[in-house]
Structure formats: structure tokens, C-alpha cells
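# Structure at a glance
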Amino acid sequence: MTKTTGIQWQAVVNGKAREIEVPPSRRLLDILREDLDLTGTKISCEIGRCGACMVLIDGEPMNSCLMMAYQCAGSEITTIEGLHGETAEELHPIQEAFLEEGGFQCGYCTPGMIISTKALLDRIPQPGEQEIKEGLCGNLCRCTGYGGIMRAVESAADKCAYRSLPSPVVGP
Amino acid sequence: MLLNRQNSGERWRKRRDGKEKVTGELRYLTDMTAEGMLYGRVLRSSHPHARILSLDTSAAENHEGVVAVITHRDVPGLNRFGIAVPDQPALCEDTVRYIGDAIAAVAAITPEIAAYALSLIRVEYEVMETITDPMRALEDTAPRLHPQGNVLHRTQVKHGDAARALQNCAYVVKEIYSTPRQMHAYMETEGGLFIPEPDGRLTVYAPTQHGYKDRMQIARILDWEEERIRVISSPIGGSFGGKDELNVQPYGSLLALKSGRPVKMHNSRMESVRAGLKRHPMKIEMETGMDEHGRLKAHRVRIVADTGAYATLGAPVLNFATEHCMGPYRWEHMDVEGISVYTNNGVSGEFRGFGGNQAIFAMEGQMDRLAELIGMDPWEFRMLNRRYPDDPGPLQQEIWRTNGLEQVMQALAQSSLWQRRRAMSDPSAYDFLSDASSPPWIKRGIGAALAMHGAGLGYGIDDPAGGRLSLNAAGQIEAAFSYEEFGQGLITTLEIMLMDLFHCTSEDISIVIGDTDRVPHSGSSTASRSTTMAWMGLQRLKNPFLQAILQKAHDMTGIPLEQLTTGEQGIWQVTLEDDTEVSREWVISYREIAAEAQGNEFTFDTKFSYPTTPDEVVGGHFLYTYAAVAAEVEVNTLSGHVRLLDTYHTVAAGPAINPMGFIGQIEGGSVMALGFTLTEDAVMEEGHYMTRNMDTYMIPGIQDMHTSLEVEAIEDLPENDPFGPRGIGEIGSVALAPAITAAIRQATGTWVTQLPVARDQLIRPAGVWQQEGVRP
């Protein structure tokens, strides 16, 4: 077999500049999982239907199974491993909400679900039911029946809104 | 109790395995890698039924980057697997019986080379007739798919004289119901990592619902001692019954041993569809009769199950469907025959609900038709005909008495959803159902259904349980079971049980599951049994364990034994006055006690079996869980689209140990049943799948979710009930389909007999809708 000529693929992944040599048609999903060992991004349907491999590319939610190396080179990519609270050790409010509300069971769809929620809340901080459903319609979950997920997203919206308020002024 | 976060108090706990799931840190077994790892791929049959004339792997073997190629010639032991009946070849020798049959497998240095190498394997076939219809398989002229013929299993239940009684019934309803080939569609497809260890052992990291059973089967294939194999089997990205049977394990194991290197397998979704198990499609013919007062008299049932190419659990599934096709009702005359038939379709096997879903859909459908025929409210009709707590089980066997049935029936009758249905018995109220703001072609209806669902494997099937409780070296109370976490929340349920028993904190606890080297054989995580078995195991282990560590604390401190108790971080001294605690003082830590342990002083094992009926009724259950479900639907009679608006589930399963897990299981089961009812069918034509991925196999998405789903847990059990909380993994998925189809009937006047519901039968020509619809 002939060796495919690689490209020098560069991107900022979870805030860190990464550079590797890969074939231009290598899927972002494989770059993340295999080359960069970021296995939080999950592999499931591989045709962009289930959302288990959802990542943010320049802030937009994308199925990494459909994204080739050349298409996302130079982008800023956020995976589930890149999400955290105010410090790297803290959970992001969305992650906290999923934990508290039972927004997952087996957890395999959860990274993609949380990434889609992040994209949704960045765009619509206080989404209504229909907006949540539209925001997450690209993510399938087989365990929860989506009840816990709906509650988690609603709670996450409240948490995020609360966090973005200015700190209360403490009087004398 | 209406289950939600507010009502659950401290039992509403963040999952113990939750943080690593929401951060993506958790390594599922298919995420694992190893130094020098190869990638395994399987060559599967090109035809659903063919003879293999020749098989040439030389080109693949000689290809650069290919390290091992295996065929049936490389199987040292039994070249068959199957959890109950081992009749599925690991690698086919001479015949292929379905499109997922494996013929060869390859391990190569990259997945691309492995895939390419498969294309270099030459297989010559002689194509044979494809049997896709079980009825065709039963004809004398049909080719035999297995040496014993095309019948896997038959069941029969008869008492009284149903044929004669039906002739004398005032009313008889006869229908044929059919159900789809539903797919588990777990998000993590099958896979894992297989590592030959330097000490000559093999470590298998692959999801399963029963690590020990896998170990036994892999050992049988390899012709090895079981102890040489270590199976690590959790965490699992979903199973629902679909990973209970071996899938990639034979290939991963054989390739790892042949190559001497770690091998990773991970099925693509399409391969998962092709090779994986499905729910048994069933055709169920029912003829049910009652007298002029609406009392059920006679029930005649014929079940035909398409088990596909191999047995797996086809026989027990048919047993279960047979047991559940008479519902929780009283009968004088009963005549049930079931048959499970081999075909060249995909393999049908274990799936959440285990044949109950199909049977209950049909049974409850009959109940609604009969009630309507006699002009009774469908729930009152069920009330009239329900079994009594003292009645024998469906197979006339002795069962454990509870009031569950009565309680779920009452709860549903009082639910606001069913109250709304009741309000509609006033014909003028019907308009209120069809929302005034909706266009006239949108019709609404409400239906309900009932389920009595057996747990455990049933009479006559070895159903061992057990467990281990110890104080580990780190000073934690450690519980070890061979159960698996596939998402259902078992780990947190165990954590809550241990905290209840020992009043300790989460940090004081260690839970070990999913590793045959570290856990005792305590049976499988199937048949809604793990919660009950773990609870019963811990009840048995609690006292000996407490006695041992409290005695040690007493020996070490001299404090009177009766004043010592376990608590946060260790042993506490509690003094009571008139049964009231007056003081509580710290005594000694678990760690300090553990440091004093002599050998296995603080390790206790127990072994027992899942409770079974004393009556010799094969497959008959002893413990049942009850559920009632109401559903409100909206049907668009221009498009035939059905939308589920509202559901109410009530479940009588004893104490809800882990409310978050309980709700999750019922909600999840409900939405899985929604798919079963409205959209899911793994369509096969001539033995080939037409729906190969999630773009055409439609599981519900968040847009399909109903706006409201209420879960009510009935937590009562008889006083001193020795079995504790019942499992609820399946019960949420068994009764929604008939509730939805009853609601569709009310909305449109159409009786549905075939799932998934075909839209075209609900479409009404524009302008005709005024005359359609049935008013209750």
C-alpha cells in the first residue's frame, strides 16, 4: 500500500496548541481519540447522526466523525476534556447539572450531550423547552429517555445564568 | 411516592461513577489501548445462507502489516458459543446461516490494513435458499438450518377446555399481533481489548452482563482452564440485554493468542447491526372470550417467534412470552402454544423485557377490545378480571404474594391523566381533549395498560447469587459482586445500601464489580435481578461482618461490645438511655482495625440462589413486579404522525433505594418502548438488513420525548418480606406500547395490531375526520 502523505495539522485543542502529521483526510474523531488520546469524545454511529463525538470547533458544535483534518486545521477545538469550572479542578456548571439531575446513565453519550448543551447555552442562555430540544436534537441517548437530560439542561441554564451575574456587593 | 428530586431527600445522590462520566475521563473498555496493540477485524458472511466451498486466507496472511489471520482451523476448543445453547460457530466451518456469521478474522498493525486484509480473503460459496419467514421454515420442504431441524423450542400451557369454552362465550375477540425486530442500539458498540499476559494468562477487557459466563465460554473456545482468563467487564456504554451474549470476545481472544500481542476490537455501527442481537419479532394470535357480564372465560394464544440463525436465549424468551401472554388476569380455560423458529434472519436474543413486551402488547390489546365490545371502561374491565393476591401465578405456580397489582391499578385510576380519560366518558368532554387551538385533523386519545413482570431466571434454570463483604487493607468496607454497571446505576444503588447498613460515608466504601479476578461468582446482571440479589446478599453478610469488626474494636479498646457501632470513618461508642442516644464518641478507625486483621478475618462470602417457585414449572417465576401505564397521544390524521404527549408510570417494586436510578430506568425504559411502538424496526429483506445505522433505524431523539412523564413508586412490600427491593430494569419498557395503541384507538378509531405503528393506517382523507374517532 502506498503511504498517504501527511499534512502538518495544527490546532488549538482545549486551549493547547497541538501539531501532528496526519493524512489530510484523517477524521478529527480519530485525531482526538487516537493521536491525542482524548477518548472523552466517543465513537458510535460515525455518520453524524448520534452526536456522541460532538466537539466545539471555533465555538460551533460539530460531529467530529464527519470532520476531516484539513477542514479543521487551524481551528480552536474544545472537547469534553476542555470543559471545566472556574478552575481546572472544578466542574463546569453544565457538568454539575448533569450530575445532580441524573442527566446520564451509561454515560457514553454524555460528553457529546454536554458539548451540545454548552453550545446551546452560549447561544441562548435561557432556552425554552423547544429550544433545548432543537439544541440537542443531534444527540441520541439510549438510557435516560431524555428526562434527566431535560432537567439537567434547565438546571444548567439557571446555574450558568447565576454564575454570570456580577458578584454581589457586600455591604459594610 | 411520586418520584422526583424533591421527594427523594438524601437518597437523591450524585452517581458514584458520575464525575468521570461528565468529564470524559472515564475509560470505557473500548477506549483502552495497549503498547504494541493490533487492530482486529472480522470477515462476515456475504450471504444469509450458503455453504462454504473454499476458504483461502493466504493473500491476507502475506500482506504487510497483517500479524494474524484466524479461521475455524485456529479454534482449539469448542468452536461454538451461546449462553444457553452453544450452537453459534465462533468461526464458521462449512455453512453460514446469517449475514453476521463470522468466517475469518484478522489482526493488523492499523485498522485500515486489517480492513484491507479482509478483502484479500477468498471465500467461495454455494448460495442456498434464504428462509426469512418462520412459517416457511416450518414447512417440510424447507432446508434444515440445524441438524435437529428448524424448531428451536416449543411451549404449551393448557388448562380447562379453551376451544369449547370459546364457543360458549358471549363475546370473543380474535386478533393477530406482530412486533418488530427491535435493536438495542446501545451507544457504545461492542468491542474491547484482549491482552496476552507475560505469565501465560489472557486478560479480556470487554463489556458483558456476566463476566463469569463469558470466562467460561471463552475458556471453552480456547480449551483453557477458566482461571487462566481474567474478564474485566465494566463499565459498559449500554447493553439492555444485547451484550449478554459473546460478541467480539472469541475473535479478540483468538487473535491475541495467535499474534502474542494485545488486540483491540471495536465494531462499527454497521457491523454491530449486522452481527448483533435483536428483539424477537413475534406473531401472536389471540382468541379471547368472556361472558355477558364481562368476565374473562377463555384464552387461546399461538405465538410464533423468529429466533433467527442461532438459539442464544430464544427458548427462555419464548418461555417468558408464554408466561406473560395471559396477563394478571383470572382464567378458567387457557390454551397457549408457542414456537420459536430458526430462520436466516439476524439472531434474536435477550432484550430488556425478555418477550414480555410482545406478549403484554397483545394481551392488553385484547383487554381493550373486549372492554369496548361490552361497553365498559377499560380499567374497570381490568379490575373486574384481575387476579387476586392469593391466586396462583400465570402458569398455575405458587408465587410470592404482594398487593402490587391492586396498588398499581388504584394508583393509575387516581392519576390525573386517567382522571382526564374518565372525564371524557361525558361525550361533550371529548372536545376538550382535542385542544381547541389544534386544527381539526389533530386527534387526541388516552389509553392505559397493565403489566405483571417476572424477575429472575425462573424455575429450572441455575440462578446463583452471592457476594463478598470485607474490610480491605485501605480500611474501607468493600462489597464485591459479579454484577455489572452498564448504566443502570447499580454502583450507586450498592453505595446507598452500604451506607444504610453501616451508617458510614461514601468514602468509607469500596465497591468492586466487573472483574473475575476480584469478585465472587454472584450470578449475572440480567432479568431485573441484581438489586434484589445484592440486597439479599448484604443482608446475609451484614451480621457476621459487623460482629467481627466490632469484636475487634472491643478487643482493641475494651469498650463494651453492645455500645459499639459502625459509622463515619470507623467505630463509634454510642450510649443509650431508654433507647435514645445520649452520647456518641469516636472510638477507632476502620483503617486501624484493618491493620490488625489476621488473614481473611474480615472477609465474608455468601452463596444462595434467586428465589424460585417450588412448583415444577420450567421458567415460571416467583417474584413479580407490577406496573400500570397511562399514555396520552396526539395523532395527526393528515400525516399519520403520532406524538406521545403525556405518560404516567406506576411501579410496585418495593423500596426505591436509588430514586435517581429508579426514575432513570423507568423513563429510559419508557422511551425505549416508545421507539418499539412507533419507529423502531431493523428491517430485513432476504436476510439482509435494510436499516444499517442510526439514520434509518430510528430510535427516539429528544424531540420525540413527551412533555410530561410522571413516575410513581409504590414502595410497600409485605411485612418482613425477605427479598427486599425488586429490580426495575425492565418493567418500564413492557406496558407502554399497548397504552399508546389504546390511545390511538381513542383518537382515531383505528385498532393497531402491528408495531411499529404504520402511519398510513392513521391517515384520513381531508374532510372525513369529523365522522372519525371513537367516543368513549
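Residues numbered from 1 in each chain as written. Chains lettered and ligands numbered in written order. Predicted model: local features only at pLDDT ≥ 70, side-chain atom pairs only at ≥ 80, totals over all residues. Heavy atoms only, no water.

Per an unreviewed UniProt entry, chain B goes by the name Xanthine dehydrogenase subunit D and belongs to Paenibacillus bovis.

By the naming in an unreviewed UniProt entry, chain A goes by Xanthine dehydrogenase subunit E and is assigned to Paenibacillus bovis. In its Pathway (unreviewed entry) section, the UniProt record describing chain A reads: "Alkaloid degradation; nicotine degradation." (UniProt positions renumbered as here; feature names shortened; annotations may be inferred.)

### Concerning the domain arrangement of chain B
Residues and elements named next belong to chain B. Each assigned domain of chain B is listed here: domain 1 (1–29 + 398–453 + 614–776) and domain 2 (464–609). Centre-to-centre, using C-alpha coordinates, domain 1 lies 37 Å away from domain 2. Around 1800 Å² of area is buried between domain 1 and domain 2 when both sides are counted, 52% of it from carbon and sulfur atoms. Seen at the junction of domain 1 and domain 2, the total is 4 salt bridges. We note a salt bridge from Glu-495 to Arg-16, for which the minimum N-O separation is 2.6 Å. At the boundary of domain 1 with domain 2, the tally comes to 12 residue pairs in polar contact (both at pLDDT 80 or more). Its residues assigned to classes, the side of domain 1 that touches domain 2 shows 5 nonpolar, 6 polar and 10 charged. (Domains from an automatic or database assignment. Buried area = accessible area lost by both parts, 1.4 Å probe. Salt bridge = Lys/Arg side-chain N within 4 Å of Asp/Glu carboxyl O. Polar contact = N/O pair within 3.5 Å; in protein donor to acceptor, adjacent residues only side chain to side chain. Nonpolar A, V, L, I, M, F, W, Y, C, P; charged D, E, K, R; others polar.)

### What to know about helix H4 (residues 111–120) of chain B
Taken residue by residue, H4(B) has Ile113(B), Ala114(B), Ala117(B), Leu118(B) and Leu120(B) as its buried positions. Looking straight down H4(B), one finds that the buried residues subtend no more than 155 degrees of arc, so they occupy a single side. (Buried < 20%, exposed > 50% of the residue type's maximum accessible area, 1.4 Å probe, protein only. Helix = DSSP H or I, 4+ residues; strand = E, 2+ residues; numbered from the N terminus. Arc of directions from axis to C-beta.)

### Things to note about the domain arrangement of chain A
Residue and element names in this part refer to chain A. When the domains of chain A are assigned, the result is domain 1 (8–82) and domain 2 (93–164). Each side of the interface is counted separately: domain 1 has 16 residues, and domain 2 has 13 residues. Summed over both sides, the interface of domain 1 with domain 2 buries roughly 1200 Å², with 66% coming from carbon and sulfur. Applying the counting rule to domain 1 against domain 2 returns 0 salt bridges. (Contact = heavy atoms within 4.5 Å.)

### Here we look at the environment of Leu36(A)
All names here are of chain A. Along the chain, the position of Leu-36 falls in the loop between helix H1 (28–35) and strand S3 (54–57). Classification of Leu-36 by relative accessible area gives buried; the value is 8%. For Leu-36, the residues in contact, after removing those within four places along its chain, are Trp-9, Val-13, Arg-18, Ile-20 and Ile-31.

### Observations regarding the interface of chain A and chain B
It is common to give the size of an interface as the accessible area lost on bringing the parts into contact. At the junction of the two partners, chain A supplies 51 residues and chain B supplies 60 residues. Across the chain A to chain B interface the summed buried area is about 4400 Å²; carbon plus sulfur atoms make up 57%. Counting the contacts that link chain A with chain B gives 7 salt bridges. A salt bridge links Arg5(B) to Glu101(A), with the shortest nitrogen-to-oxygen separation between them at 2.4 Å. Elements with a contribution of two residues or more to the side of chain A that touches chain B: H1, helix H3 (93–101), helix H4 (110–123), helix H5 (129–135) and helix H6 (147–164) of chain A. Among the residues forming the side of chain A that touches chain B, the class breakdown is 22 nonpolar, 13 polar and 16 charged.

### Points about unusual backbone geometry
Residues and elements named next belong to chain B. The linkage connecting Ser-234 with the following residue, Pro-235, adopts the cis geometry, with an omega of 0 degrees. Position of Pro-235 among the secondary structure elements: in the loop between strand S13 (229–232) and helix H8 (249–259). Omega for the peptide link from Leu-755 to Pro-756 comes to -10 degrees, which places this bond in the cis form. Summarising the element assignment, Pro-756 is placed in the segment after helix H20 (736–748). A positive phi angle, close to 65 degrees, is found at Gln-569, a residue other than glycine. Mapped onto the elements, Gln-569 comes out in the loop between strand S22 (564–567) and strand S23 (570–577). A positive phi angle, close to 50 degrees, is found at Asp-578, a residue other than glycine.

### Examining the packing of H3(A) against H4(A)
All names here are of chain A. Where H3 contacts H4, the two axes come as close as 10 Å, and the packing angle between them is 125 degrees. It follows that H3 is oblique to H4 by the angle criterion. Seen along the crossing, H3 lies across H4 with a hand that is right-handed. Between H3 and H4, the residues in contact are Ile-94, Gln-95 and Phe-98 and Thr-110, Met-113, Ile-114, Thr-117, Lys-118 and Leu-121, respectively. (Axes fitted to C-alpha atoms, helices over the stretch in contact; angles between N-to-C directions. Parallel < 35°, antiparallel > 145°, perpendicular 65-115°, else oblique. Left-handed = near helix turned anticlockwise from the far one by under 90°.)

### Some details on the sheet that holds strand S18 (residues 442–455) of chain B
All names here are of chain B. Across the sheet, which stays open at both edges, the 4 strands sit in the order S18-S26-S27-S30 with mixed pairing between neighbours. Each edge of the open sheet is held by one strand with a lone partner, namely S18 and strand S30 (708–714). Adjacent strand axes in the sheet meet at a mean angle of 15 degrees when their direction is disregarded. Pairing of strand S27 (residues 642–652) with S30, which is carried by 7 bridges, proceeds in the parallel orientation. Bridge pairing in S30 links Tyr-648 to Glu-710. The sheet contacts of H20 involve S18, strand S26 (623–636) and S27, and relative to S18 the element is tilted by about 155 degrees. (Pairing = 2+ DSSP bridges.)

### Concerning the pairing of strand S7 (residues 102–108) of chain B
All names here are of chain B. Of all 7 residues in S7, 7 are buried, a share of seventy percent or more. Where strand S1 (residues 38–44) lies against S7, 6 bridges are found, and the strand directions are antiparallel. Pairing of Gly-40 across the sheet is with Ala-107, part of S7. Where strand S3 (residues 66–70) meets S7, 4 bridges bridge the pair, whose relative direction is antiparallel. Residue pairing for S7: Ile-70 is matched across the bridge by Ala-105.

### Considerations on the packing of aromatic side chains
Residues and elements named next belong to chain B. A complete count under the given rule lists 12 aromatic pairs over all chains for this structure. Both rings, one in Trp-572 and one in Trp-586, keep their centres 5.5 Å apart while their planes meet at 80 degrees; by these two values the pair is edge-to-face. Placement of Trp-572 in strand S23 and of Trp-586 in strand S24 (residues 580–589) is noted, with a sequence separation of 14 residues between them. Aromatic pair Phe-622 and Phe-723: ring centres 6.1 Å apart, planes at 85 degrees, arrangement edge-to-face. A residue pair is termed long-range when its members are at least 10 positions apart, and Phe-622 in the loop between strand S25 (603–609) and S26 and Phe-723 in the loop between S30 and H20 qualify at 101 residues. Residue classification places Phe-723 among the buried residues on the basis of a relative accessible area of 9%. Taken together, the ring pairs in this structure connect Trp-400, Phe-622 and Phe-723 into an aromatic cluster. Positioned above the aromatic ring of Trp-224 is the side chain of Arg-228, whose terminal nitrogen or guanidinium carbon lies 3.6 Å from the ring centre. A cation sits over an aromatic face here: Arg-330 above Tyr-388, 3.9 Å from the ring centre. (Phe/Tyr/Trp six-rings, centres within 6.5 Å; stacked < 30°, edge-to-face > 60°. Lys NZ or Arg CZ within 6 Å of the ring centre and 35° of its normal.)

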